[in-house]
Amino acid sequence: MADTRRNARQNHLALAQQVISIMLERAMKAGDHLPEKLFSDSCGVSRTPIRAAFRVLEENNILYRREEEGYFLAISESDELLRAAQTLEGMEQTLADRILSDRAERRIGDVQSVSALARKYNASRHSVLFALKILSQDGVATQLPGRSWAFQPMLDSPKAMDESLAFRLILEPQAILAPGFAVDSKKAGILRGRMEDFLSIREGRITAAGFTRLDTEFHCFIAECSANRFARGTLLAHHRLRRATQKDTSVPDFRLRQSLEEHLGILDSLEQNQFDIAADQMVLHLRRSRTRRPEAANRGIPPLIRRPRA
């Protein structure tokens, strides 16, 4: 419940969808009054975020406002309310995607104000703020003092990718070696099963997008297991940035499969509490990620301990 309330305060769009759900439950009709106290009690928030949610619904012609009287429902059919909820659900993610796409194409500078983005996309300030919050959760944008937002570097060029790998080579092995590293066995088992499912896919059928999602989840898992809060937070933010901005690249099928095998080998060592070996394996894994030719990366790094095959 605490998480629900916190997310509602942070995201008025999600709260607007919650308001629609309550209207549906109460079978409200066009012209019905929406008392702020009723909805604030039902949603578990104060009246201020409820008013913000009402404004979002007003902007989308779901509610209308009368001076000194408050907000009223503008539509009556339940099907219309359901369609409105579906529209709201995709609205902010769509705007966030548009901003991210324009950023990738260098159509947006490093620093932008909410007002400038609202004019560019012909959107309300509320919509732009929600979209920026989505991007901030992925490490793409950061709010500056005042009303401006700074966009982080994109992982969309060979130089940026190389810098990302260099950064990870410094930090990921050390995150494993930091005192207190603890493996979540349940999550490790889920990851192992998904990787083995990928390896069972027919040759040439592993998609770059599917592999990238699984690869990011694996490296986020490593970060989450670290007991060093600074290493954990920094790595998770970087992996969110990778997931949000890294473009899919053409990688040979054998390299995707080799990478999955390397992930499984690291998991084996971690589950056996062989953290030194796992850290060495991570170094080799990241060095191999720099090239499509796996044998070219093994320069002075101990060879991987081969996983036993059934």
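You'll find the structure just up there.
Residues numbered from 1 in each chain as written. Predicted model: local features only at pLDDT ≥ 70, side-chain atom pairs only at ≥ 80, totals over all residues. Heavy atoms only, no water.

A.B. asks: Is there a simple way to explain the packing of helix H6 (residues 114-121) against helix H7 (residues 125-137) in this structure?
C.D. replies: To describe two helices that pack against each other, one gives the angle between their axes and the distance between the axes. Where H6 meets H7, the axes come as close as 9 Å, and the angle between the chain directions of the two elements is 110°. It follows that H6 is roughly perpendicular to H7 by the angle criterion. Of the residues in H7, those in contact with Val114, Ser115, Leu117 and Ala118 of H6 are Arg125, Val128, Leu129 and Leu132. Here the residues of the contact of H6 with H7 are counted per class, giving 6 nonpolar, 1 polar and 1 charged. (Axes fitted to C-alpha atoms, helices over the stretch in contact; angles between N-to-C directions. Helix = DSSP H or I, 4+ residues; strand = E, 2+ residues; numbered from the N terminus. Parallel < 35°, antiparallel > 145°, perpendicular 65-115°, else oblique. Contact = heavy atoms within 4.5 Å. Nonpolar A, V, L, I, M, F, W, Y, C, P; charged D, E, K, R; others polar.)

A.B. asks: Would you mind showing me how to read the nonpolar core here?
C.D. replies: The tendency in soluble globular proteins is for nonpolar side chains to be buried side by side. Of all hydrophobic cores here, the largest spans 26 residues; its most connected members are Ile176, Met195 and Ile222. Those elements that place two or more of their residues in this core are helix H8 (158-177), helix H9 (185-199), helix H10 (208-225), helix H12 (253-271) and helix H13 (275-288). Leave out the neighbours within four places in its chain, and methionine 195 touches Leu214, Phe218, Leu260, His263, Leu264 and Leu267. Membership of the second largest hydrophobic core comes to 25 residues, among which are Phe39, Cys43, Val56 and Phe130. (Core = buried A, V, L, I, M, F, W, Y, C linked by side-chain atoms within 4.5 Å. Buried < 20%, exposed > 50% of the residue type's maximum accessible area, 1.4 Å probe, protein only.)

A.B. asks: Help me out: how do you make sense of the packing of H8 against helix H11 (residues 229-245) in this one?
C.D. replies: Their axes nearest at 11 Å, the elements H8 and H11 cross at an angle of 145°. Read as a crossing pair, H8 and H11 show a hand that is left-handed. Contacts from Ser164, Phe167, Arg168, Leu171, Glu172 and Ala175 of H8 reach H11 at Ala231, Thr234, Leu235, His238, His239 and Arg242. Per-class residue counts for the contact of H8 with H11 are 5 nonpolar, 4 polar and 3 charged. (Left-handed = near helix turned anticlockwise from the far one by under 90°.)

A.B. asks: When you look at the sheet that holds strand E3 (residues 70-73) in this model, what are you seeing that I'm missing?
C.D. replies: In any sheet, the strands associate via hydrogen bonds between backbone groups, in a parallel or an antiparallel arrangement. One open sheet holds the 3 strands; their spatial order is E1-E3-E2, and the pairing between them is antiparallel. Of all the strands in the sheet, the pair left with one neighbour each is strand E1 (33-34) and strand E2 (63-66). The pairing of E2 with E3 spans 4 bridges and is antiparallel. When the sheet's bridge partners are listed, leucine 63 is paired in E3 with leucine 73. Against the sheet, helix H4 (residues 47-59) makes contact with E1, E2 and E3, and its axis sits at roughly 110° relative to E2, the strand it touches most. (Pairing = 2+ DSSP bridges.)

Just geometry here; none of it tells us what the structure is for.
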